[in-house]
Amino acid sequence: MTFKTKTICFIILIVGITLCGGIRLTLATPDYPEKPVNAIIGYAAGGAPDLFFRPLADLAQKHLGVPVVILNKPGGGGISATQEVAKAKPDGYTILMNFGGGEHLLYPHLEKVPFDTLKDFEPVIMLSYYPSGLFVREDSPWKTLEEFTDYAKKNPGAVRYSHPGTASMVHLTAVAFEKMAGISLQGIPTGGGSPAMNMLLGRHVEAAQLGVPVAWPQVQGGQVRCLAYSLPKRSEIYSGAPTYAEKGYDIRFAVNQGIAAPQGTPKEVIKKLHDAFTLAYKDKGFQGTLVKMGFSPNYLNTEESTKYIKEMYQYYGDITKKLGITIKQ
Amino acid sequence: MDLLTNVLQGFSVALDSTNLLYCFLGVLAGTLIGVLPGLGPLAAIAFLLPITFYIPVVPSLIMLAGIYYGAMYGGSTTSILVNIPGEAASVVTCLDGYQMALQGRAGPALGISAIGSFVAGTFGVVILMLLAPPLARFALKFGPAEFSSLLVLALIIVAYIGSGEPVKAMMMGALGLALSMIGTDQISGNPRFTFGIWELVDGVGVVPVAIGVFGISEVFLNVEVIQQRQLIKTTFKGVFPSIQDYRDSALPILRGSLLGFFVGILPGGSHIISSFLSYGVEKKVSKHPEKFGHGAIEGVAGPESANNAATSAAFVPLLSLGVPNNAVMALMLGAIIIHGVVPGPRLISDQPQLFWGVIGSMYVGNAMLLALNLPLVGLWVQVLRVPYRILLPMILIFCLVGVYSINASLFEMLLVIIFGLFGYIMRKLNYEMAPLIMSVIIGPMLETAFRQSLLLSRGSFSIFITRPISAFFLVISVVLLAQTAVSFVVKRIAITKRQK
Amino acid sequence: MLNIREFLSAIVLGIIGIILCIGAYHVGLGSLTNPGNGFVPFLIGGALTVLCLVFLIQGVQGRASLKELPPFWPEKKSKLRVAHTLGAILVYTLVFEWMGFAAATFGLFLFLLKTIDPVKWRSAFLLSFFVTIIGFLLFQVFLKAQLPEGWVSWWRISRWIF
């Protein structure tokens, strides 16, 4: 072998050893956290959950001391990611973001899902939520919810509304409303909030049921009007529009932004996570972004979150049974 | 003159040094990403979106936009050189571009592709600048019925695209439609044909199929004859397009730009469909359609222009209405929102420096891309000199890892391999893959639009005919079909007469 | 006349069409005014089957599609090479998340370089190493994609170095 070849081999050897140094050896694990935390989001990169949780994760990193790595694992409307975290080791290094969405609280009452929202998860913190609402164009003859229901009662099946997708939280808000008000509407499923909004703006449908953040820019721009939205009481974020509740309908369908860890995660670990994310959440810049995106703040600490999740899960179970909401086969 | 002041303001924003830098970074990144098979602008923008949280909104959009249309420039590179689409919209460029490369004309192909992209992109920006709001309002008129009819037309063109036997192309088209039925259908929300496999609930997805059927199968085909292939690729007949090439490409570029822009403003309108439609149109109006599929430069010029025009057009609904057209625009919307800008019809008036700045940067970006890509043609052509035994494994890794990284999905990586094997066998049996891809894309869109139309019309089929735009597309479809049928019958009569 | 390959492939595709029709029927066709989930798939399956039949009939009528058939496997060793490549990438997929991007890619590249068109060991090692590094820089650093770590933990390396 020539000198040059020997040098090359030597270099490769050194680099190889360096790499091996990186290979994981199991050492006694002292304090939490001592390696990066994987935060799983069940939706594709760049979507609305990303816009919320990525800045939050960046802020939390500073308080936690280790990187909080966001991993996008889309599939089945958030269900496959949920399942993955449910089965993960409860050591605090795998957590679920976007906990408290329709797939966790509402969908399990309609279809079998491969996880148990109450038993498989320990809620860490709740941050915000957003409701869905009934929207019409600003040149529509219905200025209030009553006018809308009056017309719908006299013309069953005549009013067509677009919505982001069958069995989504948004869609089922409309279905619940239909049943409560005793009216019959024609739902037109689309592939998301934007196509549904397009259909409304293009005058293809008379109304639309949309997640409020998606529609809010259009409301502010004066193109559409909100007849009602599904929060228990009015939020300053969505000014000028009434809630279903004040009109007499107990509809509290909202998509929550929360964080959960697998069942069995040690209490100290959860506390550390909670504290880090609370500090991140309280950051002024983040609060500003939140509001601008159309999310309504709803901070709940660990205990309150657990209670809240139980309550809401129960609420959805009750209301789907009472109104007879099912997924039509 | 309002328009002039706005444009000048736009340029002053675009030529600001920070924005210029971000524009350059965007188009460079976009080109690189476009070149990598498997990753398209959607994945790239999604990954890089978080970076834009820390910079102001104007440079963010400028960079993201640059990535988007940059990818359209770069996507054709691998299509031409190794018959593997850099991203889904460049599938069509493989058809004739690669053939040109085999004939030693990779340089002209790459060159015309860059030039066409520049012309179309700039053209698109001009129209965007002048007519954004009225165009957006027009685009809104496209409802489910209009879409169904347009997609029916597209489907008919699919069968026409093949350079081999029509019936085989149609069989692949039907098979593609069948594949697209796997997954949850949008109307009922229920999964279909998933065979109990959880990962199939969201369907097979265009990217795994496209990369598998074009990319992996190409690798297999090359692996078979690896020694021979090495020899073919080293003859060059000039690195730049000839005068004849320019002449041949002029009209296709023009038509491609118009077609691409029109399709691009429609909601859900994608650059993939516009490039396919452009190919079909070029083949139809050409004086020598039989050359298509064997190295006709029109088949590169038209589609490449179309997909770039569509890219500029996609900004129309986003900037003038605040409603995104396709997945990439949805990401841009996210970027806008998170910077605190309210999207919507007032964006242009409330934030003129944003709107005009982005427009100005698009001019600048297109020019940068032309300047980047033309000299690179010489460099890219050298890539052909890399020995296949090194190139092929690299392609495999980039394809597989690329697809994995989009959704962190091992299953999709497996799908790529399965479709690769499938594509390999079918290509050996002389079936073309282009119709398959296009119908995989069209299938779900067509079914959803069709069923939505019937829901809107409460079961009445008249909706397709009473709405004028929809009727227009249907009429063209019928005319096309009639034409083909007539010519087929005439040919058969001629054959039987000769046999007598 | 049709050659045997096209005949078989058309039959297989036709069968797929029929299976699709049957499956669609089970899912539910609905009515013409209110199509069910199986409506469109049924039409597609039908179209596929019909097209295959047309193709077969055309073949029988003497419209041959190819002049002379090239052999299916052009070179003696091509079957082996394709099989090796296919096997390699399948294994790659299986071990990818376990071994991690770096280790798996390195191994795959090494294997392919030695089997498809053999490269000397020294060059093979160097090339595999460089391609792995380039891949890492491209995907993980530049694009910020999420690649599995597996055996080579970058987090630990960077902590170890810095």
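None of these values were measured; they are calculated from a predicted model.

S.K.: Where do I start with the overall build of chain B in this structure?
M.R.: In terms of regular secondary structure, chain B is built from 22 helices and 2 strands. Radius of gyration (C-alpha) of chain B: 22 Å, near the 23 Å computed for a compact globule of 500 residues. Based on the C-alpha atoms only, the size of chain B along its principal axes is roughly 75 × 60 × 50 Å. Evaluated residue by residue, chain B yields a buried proportion of 67% over its 500 residues. Contacts spanning at least 24 positions in sequence make up 79% of the contacts within chain B whose residues lie at least 6 apart. Accessible surface, chain B: about 16,500 Å² in total, of which carbon and sulfur atoms supply 71%. Averaged over its 27 positive side-chain charges, chain B has a centre that lies 11 Å from the centre of its 21 negative ones.

S.K.: Explanation requested: the side chain of Ser188 of chain B in the structure shown.
M.R.: Inspection of the secondary structure puts Ser188 of chain B in the loop between strand E1 (183–184) and strand E2 (191–192). Judged by its relative accessible area of 15%, Ser188 of chain B is buried. A distance of 2.4 Å separates polar atoms of two side chains, one belonging to Ser188 of chain B and the other to Asp185 of chain B. A polar atom in the side chain of Ser188 of chain B sits 2.8 Å from the side chain of Asn37 of chain C. With residues up to four places along the chain from it excluded, the contact list for Ser188 of chain B reads Thr166 of chain A together with Asn37 of chain C.

S.K.: Explanation requested: the environment of Leu106 of chain A in the structure shown.
M.R.: Residues and elements named next belong to chain A. Along the chain, Leu106 falls in the loop between helix H4 (102–105) and helix H5 (117–120). Classification of Leu106 as buried rests on a relative accessible area of 2%. Other than its neighbours up to four places away in sequence, Leu106 contacts Met169, Leu172, Phe253, Tyr316 and Thr320.

S.K.: I would appreciate a short explanation of the side chain of Asn373 of chain B in the present structure.
M.R.: Here Asn373 of chain B shows up in helix H17 (residues 352–383). With near-sequence residues (within four places) excluded, Asn373 of chain B lies in contact with Thr31, Tyr73 and Ala114 of chain B.

S.K.: Help me understand helix H5 (residues 91–102) of chain B in this model?
M.R.: Residues spaced three or four apart along an α-helix face the same direction, because each turn holds 3.6 residues. Residues and elements named next belong to chain B. For H5, with 12 residues, the first-to-last C-alpha span of 17 Å sits near the 16 Å given by 1.5 Å per residue. Listed as buried for H5 are Val91, Val92, Thr93, Cys94, Leu95, Asp96, Gly97, Tyr98, Met100 and Ala101. Note on H5: the residue one or two positions beyond its end, Gly104, has a positive phi of about 85°.

S.K.: Can you help me understand the pairing of strand E4 (residues 121–137) of chain A in this one?
M.R.: Regular strands place their side chains on alternate faces of the sheet. All names here are of chain A. By the criterion of burial, E4 is predominantly enclosed, with 16 of the 17 residues buried. Where E4 meets strand E9 (residues 254–262), 9 bridges bridge the pair, whose relative direction is antiparallel. Its bridge partner being in E9, Pro123 is matched across the sheet by Ala260. Two elements, E4 and strand E10 (residues 296–300), share 3 bridges in a ladder whose sense is antiparallel. When the bridges of E10 are listed, Tyr129 appears paired with Ser296. By the bridge criterion, 5 bridges tie E4 to strand E7 (residues 207–211) in an arrangement that is antiparallel.

S.K.: Looking at this structure, how should I read the pattern of salt bridges?
M.R.: Note on pairing: side chains with opposite charge can pair once their charged atoms come close. If you walk through the whole model with that rule in mind, you get 18 salt bridges over all chains. Where Arg203 of chain A meets Asp139 of chain A, a salt bridge forms, and the shortest distance between an N and an O atom there is 3.0 Å. With a gap of 64 residues between them, Arg203 of chain A in the loop between helix H8 (193–201) and E7 and Asp139 of chain A in the loop between E4 and helix H6 (145–154) connect regions that are remote in the sequence. Among the residues examined, Arg203 of chain A registers a relative accessible area of 51% and is labelled exposed. A salt bridge links Glu282 of chain B to Arg255 of chain B; the nearest nitrogen and oxygen atoms lie 2.9 Å apart. A residue pair is termed long-range when its members are at least 10 positions apart, and Glu282 of chain B in helix H12 (residues 271–285) and Arg255 of chain B in helix H11 (residues 243–265) qualify at 27 residues. We classify Arg255 of chain B as partly exposed; its relative accessible area is 29%. Each of the salt bridges in this network shares a partner with another, and the network as a whole consists of Asp185, Arg192, Glu447 and Arg451 of chain B.

S.K.: Sorry, what's going on with the pairing of strand E2 (residues 68–72) of chain A here?
M.R.: Residues and elements named next belong to chain A. Among the 5 residues of E2, 4 are classified as buried, and the element is accordingly described as predominantly covered. Pairing of strand E1 (residues 37–41) with E2 involves 5 bridges; the strand directions are parallel. In the strand pairing of E2, Ile41 is matched with Asn72. This β-α-β element, E1 to helix H2 (residues 48–64) to E2, shows right-handed connectivity.

S.K.: I would appreciate a short explanation of the packing of aromatic side chains in the present structure.
M.R.: How two aromatic rings sit relative to each other is given by the distance of their centres and the angle of their planes. If you walk through the whole model with that rule in mind, you get 39 aromatic pairs over all chains. Summarising the aromatic geometry, the rings of Trp216 of chain A and Tyr238 of chain A are spaced 5.3 Å apart at their centres and angled 70° between planes, so their arrangement reads as edge-to-face. A residue pair is termed long-range when its members are at least 10 positions apart, and Trp216 of chain A in helix H9 (residues 212–220) and Tyr238 of chain A in the loop between strand E8 (224–229) and E9 qualify at 22 residues. Classification of Tyr238 of chain A by relative accessible area gives buried; the value is 1%. Ring centres of Phe138 of chain B and Phe262 of chain B lie 6.5 Å apart, and the angle between their planes is 40°; on these two criteria the pair is classed as tilted. With Phe138 of chain B in helix H6 (residues 106–140) and Phe262 of chain B in helix H11, this residue pair connects regions lying 124 residues apart in the sequence. Residue Phe262 of chain B is classed as partly exposed on the basis of its relative accessible area of 29%. Directly above the aromatic system of Tyr93 of chain A lies the positively charged group of Lys35 of chain A, at a separation of 4.8 Å from the ring centroid.

S.K.: It is not clear to me how the interface of chain B and chain C should be interpreted in this structure. Could you clarify?
M.R.: Every contact between the two is made by 63 residues of chain B and, on the other side, 65 residues of chain C. Across the chain B/chain C interface, buried area totals approximately 6,000 Å², and carbon plus sulfur atoms make up 77% of it. Area buried by chain B at its contact with chain C is led by Met171, Arg389 and Ile397 of chain B, which between them contribute 10% of it. Remark: the boundary between chain B and chain C carries 0 salt bridges. Counting the contacts that link chain B with chain C gives 8 residue pairs in polar contact (both at pLDDT 80 or more). Within the residue set of the side of chain B that touches chain C, elements represented by two or more residues are helix H2 (17–35), helix H3 (41–48), helix H8 (166–180), helix H9 (206–224), helix H10 (226–232), helix H18 (388–407), helix H19 (410–428) and helix H20 (434–456) of chain B. Looking at the side of chain B that touches chain C element by element, the count peaks at 12 residues for H18 of chain B. Here the side of chain B that touches chain C is built from residues that sort into 45 nonpolar, 8 polar and 10 charged.

What counts and what doesn't
- Residues numbered from 1 in each chain as written.
- Chains lettered and ligands numbered in written order.
- Predicted model: local features only at pLDDT ≥ 70, side-chain atom pairs only at ≥ 80, totals over all residues.
- Heavy atoms only, no water.
- Helix = DSSP H or I, 4+ residues; strand = E, 2+ residues; numbered from the N terminus.
- Rg over C-alpha atoms; globule rule 2.2 N^0.38 Å.
- Buried < 20%, exposed > 50% of the residue type's maximum accessible area, 1.4 Å probe, protein only.
- Contact = heavy atoms within 4.5 Å.
- Areas by Shrake-Rupley, 256 points an atom, 1.4 Å probe, with all protein chains shown as cover.
- Lys, Arg positive; Asp, Glu negative; His and termini not counted.
- Charge placed at Lys NZ, Arg CZ, Asp CG, Glu CD.
- Polar contact = N/O pair within 3.5 Å; in protein donor to acceptor, adjacent residues only side chain to side chain.
- Expected span 1.5 Å × (residues − 1).
- Pairing = 2+ DSSP bridges.
- Salt bridge = Lys/Arg side-chain N within 4 Å of Asp/Glu carboxyl O.
- Right-handed = clockwise from strand over helix to strand, strands pointing away.
- Phe/Tyr/Trp six-rings, centres within 6.5 Å; stacked < 30°, edge-to-face > 60°.
- Lys NZ or Arg CZ within 6 Å of the ring centre and 35° of its normal.
- Buried area = accessible area lost by both parts, 1.4 Å probe.
- Nonpolar A, V, L, I, M, F, W, Y, C, P; charged D, E, K, R; others polar.

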